[in-house]
Amino acid sequence: SLTVSSTKLIECSTNSFSPESVRLVDGAGLCSGRVEVKSNQSWASVCEADFDRQDAEVVCRDVGCGAPAVLQGGLYGEGEGQTWDKEFQCKGKESLLLDCDTSDRENTCPPGNAVGLTCSEPDDVRLVGGGSRCAGGVEWYDQGEWRTVGAADWKRRDVAAVVCRQLGCGSTVSELLGNTTRGIRVSCSGFESSLRECRRSYDLHPGLTVICSDLLVQPDIFLTDPMGGVFRGHQGPEMFRGYNFTITCSTQPQYPGGSFHLTFTGSNRTQTQPAVNHSAAFLFPAADYSHQGNYRCVYDNYVFSHNFSSESELFSLTITGN
């Protein structure tokens, strides 16, 4: 007789990306090759027209490599699979390609335009577990694997200074020795440009955690106007008098809380709002000539028992009566 089991098969839907969202193939190593993304359980190449420098920065970061060096269509062949039907809209600061927005591609991709990418080799030092590339436990890539870095108590400040300098993360805010583990014990004078210039040994030691001053990523600043009063002028955005507009400050979701300050060089006034969902909107009811000038978003947050701050790029606004 045939016995039918009551066990049910449950299928779960997934996004067009899987956790293994991007790879570089047919290149000389892990950091070069044709860009492919995983879609519906298969790999698809990406059209050069849908991929720019900011997208490349995120892909290189996602696959664990350094900054993009070469970006060219057809550089590493066409591949045998399908072509990705979306256009990436990365800002360049995202950690993963999964974090980037996408939009539908309008045109077909002609042959010979599968984008190829060459990234620089990865930095051999990183900070992990701190929510930022400038905070966390120190690890050193050595002999094909990431190893915990530690230091003697009287050398931890010198080692931390070198780590922050090597990563381009500013100066040291704090350093802490943790649990004893096997890895690389480092001894520095504090003036070296990288850990490679320091003495090292392989033994048991307390792991080193470092917090650097450039903890927060640079916030974004942008203008919106629901009444259509802004247009692109020769010197940047221009706003008609009498129209309302909003300047929005936003940042990546590194840490909860914090606040945004909108500074204005036309006067000494500063507006402040708490960060809600990592952004804040500053409304201006009616534009007039007093609003003309340079604006900047400053994001402040209290993290790891210290105050941190990061500034956006300068945003220039011109007011016109015509």
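So, how was this worked out
Residues numbered from 1 in each chain as written. Predicted model: local features only at pLDDT ≥ 70, side-chain atom pairs only at ≥ 80, totals over all residues. Heavy atoms only, no water. Buried < 20%, exposed > 50% of the residue type's maximum accessible area, 1.4 Å probe, protein only. Helix = DSSP H or I, 4+ residues; strand = E, 2+ residues; numbered from the N terminus. Contact = heavy atoms within 4.5 Å. Polar contact = N/O pair within 3.5 Å; in protein donor to acceptor, adjacent residues only side chain to side chain. UniProt positions renumbered as here; feature names shortened; annotations may be inferred. Core = buried A, V, L, I, M, F, W, Y, C linked by side-chain atoms within 4.5 Å. Disulfide = S-S within 2.5 Å. Pairing = 2+ DSSP bridges. Axes fitted to C-alpha atoms, helices over the stretch in contact; angles between N-to-C directions.

A. Region of interest: helix H2 (residues 156-166). Three or more residues of H2 are buried, namely Val 159, Ala 160, Val 162, Val 163, Cys 164 and Gln 166. Packed against the buried residues of H2 are strand S9 (125-132), strand S10 (135-142), strand S12 (172-187) and strand S13 (199-212). At the exit of H2 stands Gly 168, carrying a positive phi of roughly 70°.

B. The side chain of Glu 94, seen in detail. One can find Glu 94 in the loop between strand S6 (86-89) and strand S7 (101-104). A polar atom in the side chain of Glu 94 sits 3.0 Å from the backbone nitrogen of Lys 91.

C. A look at the side chain of Glu 36. With respect to the helices, strands and loops of the structure, Glu 36 is situated in strand S2 (residues 32-39). Of the polar contacts made by the side chain of Glu 36, one reaches the side chain of Arg 23; its length is 2.8 Å. A distance of 3.1 Å separates polar atoms of two side chains, one belonging to Glu 36 and the other to Arg 34. Those residues in contact with Glu 36 that lie beyond four places of it in its chain are Ser 21, Val 22, Arg 23, Val 25, Trp 43, Ala 44 and Ser 45.

D. How the structure looks around the UniProt feature "domain: SRCR" (unreviewed entry) in the protein chain. UniProt tags residues 22-120 and 125-213 as "domain: SRCR" (unreviewed entry). Counted over residues 125-213, helix gives 12% and strand 58%. Its end C-alpha atoms are 17 Å apart.

E. Region of the structure containing the nonpolar core. Ranked by size, the top nonpolar core spans 27 residues in total, and within it Leu 215, Phe 245, Leu 262, Tyr 295 and Leu 317 carry the most contacts. For this core, the elements supplying multiple residues, two or more each, are strand S14 (220-224), strand S17 (245-250), strand S18 (259-264), strand S20 (279-284), strand S21 (293-303) and strand S23 (315-320). Here this core gets four residues from one element, more than from any other, and that element is S21. Those residues in contact with Tyr 295 that sit more than four places away from it in its chain are Ile 221, Ile 247, Leu 262, Thr 263, Phe 264, Phe 284, Glu 313, Leu 314, Phe 315 and Leu 317. Membership of the second largest hydrophobic core comes to 23 residues, among which are Val 149, Ala 151, Ile 184 and Cys 198.

F. Representation of the state of the cysteines within the structure. Scanning the entire structure with this criterion turns up six disulfides. What pairs with Cys 90 in a disulfide is Cys 100, and their sulfur atoms sit 2.1 Å apart. Judged by the sign of its S-S torsion, about 110°, the bond between Cys 90 and Cys 100 is right-handed. Of this pair, Cys 90 sits in the loop between S6 and S7 while Cys 100 sits in the loop between S6 and S7, and the two are 10 residues apart along the sequence. Residue Cys 90 shares its accessibility class with Cys 100, and that shared class is buried. Between the sulfur atoms of Cys 188 and its disulfide partner Cys 198 the distance amounts to 2.1 Å. As the torsion about the S-S bond is roughly 110°, the Cys 188-Cys 198 disulfide counts as right-handed.

G. The arrangement of the sheet that holds S20 in detail. Overall, antiparallel pairing links the three strands, which are arranged S14-S17-S20 in an open sheet. The sheet is open, and its two edges are formed by S14 and S20, each paired on a single side. Strand after strand, the sheet turns through a mean of 20° between neighbouring axes, direction not considered. One ladder, built from five bridges, connects S14 with S17; its direction is antiparallel. Paired with Phe 222 across the two strands is Thr 248, which belongs to S17.

H. Representation of helix H1 (residues 53-62) within the structure. Every buried residue belonging to H1 is among Asp 55, Ala 56, Val 58, Val 59 and Cys 60, and all of these are buried. Where the residues of H1 are buried, they touch strand S1 (22-26), strand S4 (68-73), S6 and strand S8 (115-119). In this structure Asp 52 caps H1, since a side-chain oxygen of it lies 3.2 Å from the backbone nitrogen of Gln 54.

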